[in-house]
Amino acid sequence: MSGSPPHRQRQEVQRLLDALHTETRRSWTLMEVCGGQTHAILRHGLDQLIPPQLELIHGPGCPVCVTAAETIDRALALAARPEVILCTYGDMLRVPGTGPSHLLEARANGADVRVITAPLDVLAVARSHPGRQVVFFAVGFETTAPATALLAHQAWSGGAQNLSLLVSHVRVPPAMEAILTAPECRVQGFLAAGHVCAVMGRTEYEPIAAQHRRPIVITGFEPLDLLEGMLRAVRQLERGEARVEDAYPRAGAGVGNASARALITKVFTRCDQHWRGLGMLPGSGLRLRPPYDALDAARRFPSAARPDTDTDTDTDTDTEGCISGLVLQGLARPDACPRFGRGCSPERPLGAPMVSAEGACAAYWRYRERT
Ligand code: SF4
């Protein structure tokens, strides 16, 4: 592997594992925030290689999984309108709303639901269907918000009359705050998502680390990135330190992307947002600000799409024994769910963490032996 990039070299992995085993003297619990990190940890078996005193808890960092059931209901209501073409990411199609219905079923029943891979694709759909109303169901963390913002800006400045957005973007720091303030919280340090920080930088994390006395290490997605993040977090914990460290400098995660942040700020303003599994989190969402709010699907179709802030319901529907709410809060592992492998699988998912390619239940299904 001498030709491998430095972050993939096997001897480096072993060096970090040796350091982790030597330097982990007490029991510590770390949460990796991002679903991509969860998948990488399980895919490479890192959780089996690290010291037994070091426990990894899987966080709520899967945007598909945390999209509120009520928001799925709104997308279903919009898709049911004959004039609407609803565009969204493929993972959203099988996530259930407050009932068992999902967008894939709606499409099978005649709704015009289309999968896109990038938000600007929606502009092309709108241009090629001037007689239809095209709605983009936008989900994701700070990583995908700039691309949604660019779509909104181009649609608004281009005067697109037939394009609107159902926005359900969420911000990571309020979720970390909510996890840390929960009475049952066991998280002693975070591995923060490197791609989110590549947009947002580290500044939002500094007050969380200081106030809650928890180390936060910005971490990438390769085995070496993750082990480096764990080692740095353990070193801080062993020394009684709690600060933000950037273990992903090759992505510029410490400073972020000022242009992307400016685009987010130009198009969105913060709002309270309901998360599946975590409930309503103040300031955790993004909604369109004037003049871009003219593109809000809730305005164009008031009966079908209201913003999350209008709802006071908290319907984290754990259907048929699904404990996805506990999984998303890091309070239960997927293989502790009584339905894991017993009625719930990627082919027949009962909850969003099994539907999504980034979901924790899907990771366990894919990479762990099932009993
Ligand atoms: S394994 Fe299935 S039923 Fe259990 S929490 Fe995950 S998605 Fe829900």
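An account of the accompanying structure is given in this report. (Residues numbered from 1 in each chain as written. Predicted model: local features only at pLDDT ≥ 70, side-chain atom pairs only at ≥ 80, totals over all residues. Heavy atoms only, no water.)

1. Regarding the environment of Arg287
Keep this limit in mind: Numbered from the N terminus, helices here are DSSP runs of H or I no shorter than four residues, and strands are runs of E no shorter than two. For every residue, the accessible area obtained with a 1.4 Å probe (protein chains only) is divided by the maximum for its type, and the residue is called buried under 20%, exposed over 50%, and partly exposed between those limits. Only heavy atoms matter for contacts: two residues are in contact if any of them lie within 4.5 Å across the pair.
Along the polypeptide, Arg287 turns up in strand S11 (residues 279–288). On the accessibility criterion, Arg287 (42% relative accessible area) is partly exposed. If near-sequence neighbours (up to four positions away) are discounted, Arg287 is found in contact with Val267, Phe268, Thr269 and Cys271.

2. What about the sheet that holds strand S3 (residues 84–88)?
Cut-off, in case you're wondering: Two strands make a pair as long as DSSP finds a minimum of two bridges between them. Angles here are taken between N-to-C directions and fall from 0 to 180 degrees, while the axes themselves are lines fitted to C-alpha atoms, restricted in helices to the stretch in contact.
With mixed pairing, six strands are arranged side by side in an open sheet as S4-S3-S5-S6-S11-S10. Bordering the open sheet on either side are strand S4 (112–115) and strand S10 (268–275), each of which pairs with just one other strand. Across the sheet, the mean angle from the axis of one strand to that of its neighbour is 25°, orientation sign disregarded. Relative to S11, S10 is paired through seven bridges, and the arrangement is antiparallel.

3. A short note on the pattern of salt bridges
Which entries qualify depends on this criterion: Salt bridge, as used here, is a side-chain nitrogen of Lys or Arg placed within 4 Å of a carboxyl oxygen of Asp or Glu.
Counted under the stated rule, the structure contains 18 salt bridges. As a salt-bridge pair, Arg186 and Glu55 come within 2.4 Å of each other at their nearest N and O atoms. Here Arg186 is found in the loop between helix H9 (172–181) and strand S7 (189–193), whereas its partner Glu55 is found in strand S2 (residues 54–61), with 131 residues between them in sequence. We note a salt bridge from Asp293 to Arg299, for which the minimum N-O separation is 3.2 Å. Judged by its relative accessible area of 53%, Arg299 is exposed. Among the charged side chains, a network of salt bridges with common partners joins Glu228, Arg232, Glu241, Arg243 and Glu245.

4. Thoughts on the site of the ligand
The condition is simple: For this purpose, a residue is taken to be near a molecule or strand whenever a single non-hydrogen atom of the residue falls within 4 Å of it. Residues are grouped as follows: Ala, Val, Leu, Ile, Met, Phe, Trp, Tyr, Cys and Pro are nonpolar; Asp, Glu, Lys and Arg are charged; all remaining types, including Gly, are polar.
As a structural note, the neighbourhood of the ligand is formed by Cys322, Ile323, Ser324, Cys337, Arg339, Phe340, Cys344, Leu350, Gly351, Met354 and Cys361. Along the lines of polarity and charge, the residues of the shell around the ligand split into eight nonpolar, two polar and one charged.

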